[in-house]
Amino acid sequence: MTRSCPGRSTGPALTQGTAPGPAQWPQWIETKGELGTQTPFATDRLTIPFENPYGTLFFITAHDFFSDGTAAVATMTGEVWLVKGIDDKLSKLRWKRFATGLHQPLGMKIVKDKLYVLGRDQITCLHDLNGDDEADFYECVTNAMQTSPGGHDFIVGLETDQEGRWYFASGNQGVCRINSVVQPSRLLSESGRDGHTTLEVLATGFRNPNGLGISADGRFITTSVQEGDWTPATSICQIELGKNEGAHFGAGGPKDGKPPEPVLMYLPRGEDNSASSQVFITSDKWASLKGDNNLIHLSSGGGSAWLMMRQNVKGRWQAAAVKISGNFDSGPQCSRFNRNDGHLYVNGMQGWGTYTPKDGCFQRVRFTGGDKPVPVAFEA
């Protein structure tokens, strides 16, 4: 769809120049997955086509799912691939390159079957205009965030709330919210946006945040920080909207002469030397662990996933954690529950001091139950 200026004609040259072109990467690459047998949490492998015609390096940073079950995964080097054939057996997975040229994408969210990617420069909506499973139009949704050439100044963990606002974590600014509602561009739809975008910094003082989590009701935002200056150990921080917005968690030194906000929990170096993202448990397949206070935390360094159980004591939140999986092929970065099958999917990459063996991974964690006890809550 094109728009014309008053008094001007949109000639064939403009129409041809804005029309979607032919597919550049028509090939689908087939792999076969592997099913895990562990209990009470089995870890399956969605085998990655490390050998491919384009020399793609599968340092996978983020993923999400379309309504038909197709997955999209992003790589640190700026690509997005589609993955089809995800079923119980994983016997025929099909991979296809969807987009390239993005700037270190470290977050992805699919909203109403529209694919959004968080890069170091902007949030980009990737539009497939002709249904050939390739992006034809890269739309800048917002570039209100700030970054720098700093070696740890990444922007990570794209999420939305029920109102359609964006959330991410930044080593430069902190945990941020973009107050622009998720809607298609006017170039593609009459609904459009009003063009009004503002950025709010919800909290600061995070040393190298590497992921994000958000509760189903949007009340709680979590992120992870790494051991180092002003941070005594790997920790998970929590922002409760309406309660501790504007908090400073300590990195960079004291702020306004006040002590730092206490973290949700610490994990010692021997258990988690480099933390990443969280996901709140929403799947009925994990019903016995689904309580409002429970979430999954990923250790990028340890290649593991942890069940975190929160407790509120006189208005102050704290948490305990137990490892539920420790055999990821690469440092886990992002996890999401797939609405189509209810299982937890995890992607990972090398890059930040991980003990894992491969460049990247895409894996599935199934809660299989069995006779081994699993905690569901804690009190202290």
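Described in the following lines is the structure provided in the data block. Here the structure is a predicted model, which is why all the values come from computation and not from measurement.

The rules behind the values
- Residues numbered from 1 in each chain as written.
- Predicted model: local features only at pLDDT ≥ 70, side-chain atom pairs only at ≥ 80, totals over all residues.
- Heavy atoms only, no water.
- Helix = DSSP H or I, 4+ residues; strand = E, 2+ residues; numbered from the N terminus.
- Buried < 20%, exposed > 50% of the residue type's maximum accessible area, 1.4 Å probe, protein only.
- Contact = heavy atoms within 4.5 Å.
- Areas by Shrake-Rupley, 256 points an atom, 1.4 Å probe, with all protein chains shown as cover.
- Lys, Arg positive; Asp, Glu negative; His and termini not counted.
- Charge placed at Lys NZ, Arg CZ, Asp CG, Glu CD.
- Phe/Tyr/Trp six-rings, centres within 6.5 Å; stacked < 30°, edge-to-face > 60°.
- Lys NZ or Arg CZ within 6 Å of the ring centre and 35° of its normal.
- Core = buried A, V, L, I, M, F, W, Y, C linked by side-chain atoms within 4.5 Å.
- Pairing = 2+ DSSP bridges.
- Polar contact = N/O pair within 3.5 Å; in protein donor to acceptor, adjacent residues only side chain to side chain.
- 1 Å grid on protein atoms, 1.4 Å probe; cavity = no way out; pocket = protein on both sides within 12 Å on 5 of 7 lines; lining within 4 Å.
- Points joined across faces, edges and corners; volume = space filled by probe spheres on them.
- Nonpolar A, V, L, I, M, F, W, Y, C, P; charged D, E, K, R; others polar.

### Things to note about the overall build of the protein chain
Move 1: Across its full length, the protein chain carries 1 helix and 26 strands.
Move 2: With the C-alpha coordinates of the protein chain rotated into their principal frame, the extents come out at 70 × 55 × 35 Å.
Move 3: Every one of the 380 residues in the protein chain was classed for burial, and the buried ones make up 55%.
Move 4: Considering only intrachain contacts with a sequence separation of at least 6, the fraction spanning at least 24 residues in the protein chain is 55%.
Move 5: A total accessible area of about 16,600 Å² is found for the protein chain, and carbon and sulfur atoms account for 49% of it.
Move 6: Averaging the coordinates of the 36 positive side-chain charges in the protein chain and doing the same for the 40 negative ones gives two points 1 Å apart.

### Let's talk about the packing of aromatic side chains
Any pair of aromatic rings gets described here by the distance separating the centres and the angle formed by the planes.
Move 1: Counted by the stated rule, this structure contains 14 aromatic pairs.
Move 2: Through a chain of ring-to-ring contacts, the aromatic side chains of Phe 50, Tyr 54, Phe 58, Phe 65, Trp 81, Trp 95, Tyr 345 and Phe 362 assemble into a single cluster.
Move 3: The ring of Trp 28 carries the charged tip of Arg 94 above its face, separated from the ring centre by 4.4 Å.
Move 4: Cation over ring: Arg 310 sits above Trp 317, and NZ or CZ is 4.5 Å from the ring centre.

### Some points on the nonpolar core
Move 1: Counting 22 residues, the largest nonpolar core has Tyr 167, Val 175, Phe 206, Ile 221, Ile 239 and Phe 249 as its most contacted members.
Move 2: Looking at this core, the elements with two or more residues in it are β12 (166-170), β14 (199-204), β16 (220-225) and β17 (234-240).
Move 3: Other than its neighbours up to four places away in sequence, Phe 249 contacts Ala 203, Thr 204, Gly 205, Phe 206, Cys 237, Gln 238, Ile 239, Asn 244, Pro 260, Glu 261, Pro 262 and Val 263.
Move 4: Formed by 17 residues, the second largest nonpolar core is a distinct cluster that contains Met 309, Leu 344, Val 365 and Phe 378.

### Digging into the sheet that holds β17
Move 1: Read across the open sheet, the 4 strands follow the order β15-β16-β17-β19; overall the sheet is antiparallel. The open sheet terminates on both sides in strands that have one partner only, identified here as β15 (213-214) and β19 (265-267).
Move 2: Here 3 bridges tie β17 to β19, and the two strands are oriented antiparallel to one another. Residue pairing in the sheet places Ile 236 in a bridge with Met 265 of β19.

### A closer look at the sheet that holds strand β18 (residues 247-248)
Move 1: Within the open sheet, the 5 strands sit side by side as β11-β12-β13-β14-β18. Their pairing is mixed. Of all the strands in the sheet, the pair left with one neighbour each is β11 (155-160) and β18.
Move 2: Across 5 bridges, the pairing between β12 and strand β13 (residues 174-178) is antiparallel. When the sheet's bridge partners are listed, Phe 168 is paired in β13 with Cys 176.

### What about the side chain of Ser 299?
Move 1: As for its placement among the helices and strands, Ser 299 is situated in strand β21 (residues 294-299).
Move 2: Of note is the side chain of Ser 299, whose polar atom sits 2.7 Å from the side chain of Asp 272.
Move 3: A polar side-chain atom of Ser 299 sits 2.9 Å from the main-chain amide nitrogen of Gly 302.
Move 4: Sequence-distant contacts of Ser 299, defined by excluding residues within four places in its chain, comprise Glu 271, Asp 272, Ser 274, Ala 275, Ser 276, Ser 304, Trp 306 and Pro 332.

### What to know about the layout of surface pockets
Move 1: Size it by volume and the largest pocket reaches roughly 650 Å³.
Move 2: Every element with two or more residues in the lining of the largest pocket is listed here: β3 (60-65), β7 (107-111), β11, β15, β20 (275-280) and β24 (332-337).
Move 3: By residue class, the composition of the lining of the largest pocket is 9 nonpolar, 11 polar and 9 charged.

### Notes on unusual backbone geometry
Move 1: Residue Thr 39 is joined to Pro 40 through a cis peptide bond whose omega torsion reads 0 degrees.
Move 2: Its location among the elements puts Pro 40 in the loop between β1 (29-31) and β2 (41-45).
Move 3: Even without a glycine there, the phi angle at Asp 113 is positive, about 65 degrees.
Move 4: With a relative accessible area of 38%, Asp 113 lands in the partly exposed category.
Move 5: In this structure, Asn 208 takes a positive phi of about 50 degrees despite not being glycine.
Move 6: Inspection of the secondary structure assignment puts Asn 208 in the loop between β14 and β15.
Move 7: When its relative accessible area of 18% is taken as the criterion, Asn 208 is described as buried.

### Concerning empty space enclosed by the protein
Move 1: Following the criterion strictly, the structure yields 1 cavity of 30 Å³ or more and no others.
Move 2: Considering the residues around the largest cavity, the lining is formed by 18 residues, among which Leu 106, Gly 157, Ser 277, Gln 333 and Cys 334 are closest to the centre.
Move 3: Counting residues per element, the ones that place at least two in the lining of the largest cavity are β3, β7, β11, β20 and β24.
Move 4: Looking at the lining of the largest cavity residue by residue, the class counts come to 7 nonpolar, 9 polar and 2 charged.

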